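Fold and contact review
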Amino acid sequence: MEWTGARYADKPTVEVHTWIAAPPGRVWALASDVELMPRMSAELRSVEWLDGRTGPALGARFIGRSKHESLGEWATTSHIVEYEPPRTIAWAVEDPLNPTAIWRFTLEPQDGGTLLREWMQMGPARSGLSFAIDRMPDKEQKIVFVRMREFETGMTGTLEAIKKLAEGTSAASEASL
C-alpha cells in the first residue's frame, strides 16, 4: 500500500486479490462463511449470527468480537448488505446506512479457477480509530495509513488461508487454521 495522505473522511479503501485453482463454488463456501474468518484473522476473535440465523443472507446480522494490541477489545454488529451467491457478499459494520466500515468479497471465474477479491472501506461513520484521531489530529493521515496497512496485511493473510483451503494443498494447512 502506498502513502495516499488519506484522511478518515475520505473513506479510504483497500483491496487485495488472489487467483485460486478451485471452482467458484468451493471458494464461495469459504469466503461466505463469516464464522470461519476468526480462524484466519489475527484481530477478529469470534463471530455469532443474530436473530436465529445460521448463515449469510441479505439483511442477516452478526456480532464480531475483535482484539487489537493498540485499540483494545470491542464488538460490532454487522449487516449483510450484498448477497449474490456465488459472486458477492458484503457487510456494513454497525449502521448499514452510515457504516463504520464496509467489507466485501467478490469472486469471478478466471482461467479455470477463481479470482477472489477482498475489499474494505473505512467509514464514513466514526469508529474506534476516530478516538485515536481525536487525541492526535495532527497525525490523522499517519494513523489512517497505518491502520489501512494493517487491514491490507490481514486481508492478504485471509485470502492466502482461503486459497490453501480451497485448493486443498494440505490437510496440515487446514488443521493449522
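For the structure, see preceding data.
These remarks concern the structure in this document.

So, how was this worked out
Residues numbered from 1 in each chain as written. Predicted model: local features only at pLDDT ≥ 70, side-chain atom pairs only at ≥ 80, totals over all residues. Heavy atoms only, no water. Helix = DSSP H or I, 4+ residues; strand = E, 2+ residues; numbered from the N terminus. Buried < 20%, exposed > 50% of the residue type's maximum accessible area, 1.4 Å probe, protein only. Axes fitted to C-alpha atoms, helices over the stretch in contact; angles between N-to-C directions. Parallel < 35°, antiparallel > 145°, perpendicular 65-115°, else oblique. Left-handed = near helix turned anticlockwise from the far one by under 90°. Contact = heavy atoms within 4.5 Å. Nonpolar A, V, L, I, M, F, W, Y, C, P; charged D, E, K, R; others polar. Arc of directions from axis to C-beta.

**Details of unusual backbone geometry**
For residues other than glycine, phi is negative in most cases, and the peptide bonds are mostly trans. Cis geometry is found at the peptide bond from P85 to P86, where omega equals -10°. Assignment of secondary structure puts P86 in the loop between strand 4 (72–84) and strand 5 (88–93). For the bond running from G123 to P124, omega is 20°, close enough to zero to count as cis. Phi angles above zero are rare outside glycine, and K11 is one such case at about 50°. Of note, K11 is situated in the segment before strand 1 (13–20). For K11, a relative accessible area of 39% puts it in the partly exposed group.

**Some remarks on the packing of helix 1 (residues 24–31) against helix 3 (residues 140–167)**
Running from N to C, helix 1 and helix 3 cross one another at 130°; their axes reach a closest spacing of 9 Å. Comparing the axis directions of helix 1 and helix 3 gives the class oblique. The two elements helix 1 and helix 3 cross, and the hand of that crossing is right-handed. Between helix 1, through R26, V27, L30 and A31, and helix 3, the contact on the second element is made entirely by I162, L165 and A166. Looking at the contact of helix 1 with helix 3, its residues break down into six nonpolar, no polar and one charged.

**Points about helix 2 (residues 128–135)**
Along an α-helix, residues three or four apart share an orientation, since each turn contains 3.6 residues. Taken together, the buried positions of helix 2 are L129, S130, A132 and I133. Take helix 2 and look down its axis: the buried residues cluster within an arc of 160°, on one side only. Along helix 2, exposed side chains directed more than 90 degrees from the buried face belong to F131 and R135. Structurally, helix 2 contributes buried residues whose contacts are with strand 7 (113–122) and helix 3.

Keep in mind that these numbers describe shape and distance, not what the molecule does.
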